[in-house]
Amino acid sequence: MRDLKIPEQRHPEKAHRPDNAQPKKPSWIRVKAPGGKGYAETHKIMRENNLVTVCEEAGCPNVGECWSQGHATMMIMGEICTRGCTFCNIATGRPDTLDAFEPGRVAHAVQKLGLNHVVITSVDRDDLEDGGADHFAQTIRAVRHRSPQTTIEILTPDFLKCAPEVLETVVEAKPDVFNHNLETVPGLYPEVRPGARYFHSLRLLQRVKELDPSIFTKSGIMVGLGEQAPQVKQVMDDMRAADVDFLTIGQYLQPTPKHHAVDRFVTPEEFESYEKAAYGKGFLMVSATPLTRSSYHAGDDFAKLRAARNAKLGLA
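Residues numbered from 1 in each chain as written. Predicted model: local features only at pLDDT ≥ 70, side-chain atom pairs only at ≥ 80, totals over all residues. Heavy atoms only, no water.

Named according to UniProt, the protein chain is Lipoyl synthase originating from Ruegeria sp.. In its Pathway section, the UniProt entry covering the protein chain states "Protein modification; protein lipoylation via endogenous pathway; protein N(6)-(lipoyl)lysine from octanoyl-[acyl-carrier-protein]: step 2/2." Recorded in UniProt under Subcellular location, the annotation for the protein chain is "Cytoplasm". (UniProt positions renumbered as here; feature names shortened; annotations may be inferred.)

Printed below as a string of structure tokens:
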């Protein structure tokens, strides 16, 4: 029986890799340790409903702040991923079978937390014929049924090994925001995201807009992996060509010595420069800070995103 708390068992595909030094974090990266009444209540609801969160599994630095406000990103389809990306702290291996009752438990937790906006993500499930598309759709519908006023944001895998039609299953369930992260610049894919394909992920985002233009699309990248500023700006151009509405950029943080090394810590001033460039390229919404993550402040950002679209359409 694997113990996923032990790094060697959590990431068996990385066990043979040489250690990479973990540099000391600069002052602008440090956060307070999680705790407090709100954090404890969110933790209790997650455990009572036997739910997995990406906040915990990926070691997000913002977990204390978000959970204290009752905001948690649900991770469906288990806690074991079929991919082995070198940046990611999610456990890898052979996943368990899907839990048919999970969509209902997610919906119950969303209702109990009283969320105005929820983010639902998942592990990659290359073992499933549809990559988990129908499970995503069922979860969206379950949340809509229990909490009709809650806006729903999904952060999906790339469905790389599936028939193109599976994306339609997810889109037809009508999430408010469809997020799929490109993660890094294309030149770093072989070493950072070896199981994925940059242009496939880009096309996935474009197809969502073609299938349903009313759905907001969102994508994000990490910096500090070894990319250069011109490469980041090219990714911005590629996203805009795919009609992506919302861009997130955050600092890569190395989960363990076996993970991809941090090339450098990008300064807050550089993040401000990226944000300014992205708005200049036409994104409706941009979040670019060292601690930005896909679902960080997602509810507040969704309200701004909707307002930005209305203003662009002259509806504000």
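For the pair helix α5 (residues 102-113) and helix α6 (residues 133-146), interaxial distance at closest approach is 8 Å and the crossing angle is 35°. Between α5 and α6 lies a crossing of right-handed hand. Taking contact as the criterion, the partners of Glu 102, Pro 103, Gly 104, Val 106, Ala 107, His 108, Val 110 and Gln 111 in α5 are, on α6, His 135, Gln 138, Thr 139, Ala 142, Val 143 and Arg 146. Taken together, the residues that form the contact of α5 with α6 break down as 6 nonpolar, 6 polar and 2 charged. (Axes fitted to C-alpha atoms, helices over the stretch in contact; angles between N-to-C directions. Helix = DSSP H or I, 4+ residues; strand = E, 2+ residues; numbered from the N terminus. Left-handed = near helix turned anticlockwise from the far one by under 90°. Contact = heavy atoms within 4.5 Å. Nonpolar A, V, L, I, M, F, W, Y, C, P; charged D, E, K, R; others polar.)

So, about the packing of aromatic side chains. As enumerated under the stated definition, the model contains 3 aromatic pairs in all. Ring centres of Tyr 189 and Tyr 198 lie 5.6 Å apart, and the angle between their planes is 90°; on these two criteria the pair is classed as edge-to-face. Side by side, Tyr 189 and Tyr 198 carry an identical accessibility label, which is buried. Seen from their ring centres, Tyr 198 and Phe 199 are 4.9 Å apart, and the 85° between their planes marks the pair as edge-to-face. These aromatic residues form a ring-pair network of at least three members: Tyr 189, Tyr 198 and Phe 199. The aromatic ring of Phe 283 is capped on one face by Arg 240, whose charged end is 5.5 Å from the ring centroid. The ring of Phe 216 has Arg 309 lying over it, and the distance from NZ or CZ to the ring centre is 3.7 Å. (Phe/Tyr/Trp six-rings, centres within 6.5 Å; stacked < 30°, edge-to-face > 60°. Buried < 20%, exposed > 50% of the residue type's maximum accessible area, 1.4 Å probe, protein only. Lys NZ or Arg CZ within 6 Å of the ring centre and 35° of its normal.)

The tally for this structure, following the rule as stated, stands at 0 disulfides. The thiol sulfur of Cys 85 is not disulfide-bonded, and the nearest other cysteine sulfur, from Cys 88, lies at 6.3 Å. (Disulfide = S-S within 2.5 Å.)

Glancing now at the pairing of strand β6 (residues 151-155). Across the 5 residues that make up β6, a large majority, 5, are buried. Where burial is concerned, the two faces of β6 agree: the one with Thr 151, Glu 153 and Leu 155 and the one with Ile 152 and Ile 154 are both buried. For strand β5 (residues 117-122) and β6, the ladder comprises 5 bridges, and the chain directions are parallel. Along β6, the bridge assignment pairs His 117 with Thr 151. Taken together, β5, α6 and β6 form a β-α-β motif whose crossover is right-handed. (Pairing = 2+ DSSP bridges. Right-handed = clockwise from strand over helix to strand, strands pointing away.)

Inspection of every chain in the model, using the stated rule, returns 16 salt bridges. Linking Asp 124 and Arg 83 is a salt bridge whose minimum nitrogen-to-oxygen distance equals 3.8 Å. Of this pair, Asp 124 sits in the loop between β5 and α6 while Arg 83 sits in the loop between β3 (80-81) and β4 (91-92); the two residues are 41 residues apart in sequence, bridging distant segments of the chain. In this pair, the class of Asp 124 matches that of Arg 83, namely buried. Between Arg 125 and Asp 127 there is a salt bridge whose closest N-O contact spans 2.8 Å. Put simply, Arg 83, Asp 124, Asp 126 and Asp 158 are held in one network by salt bridges that share partners. (Salt bridge = Lys/Arg side-chain N within 4 Å of Asp/Glu carboxyl O.)

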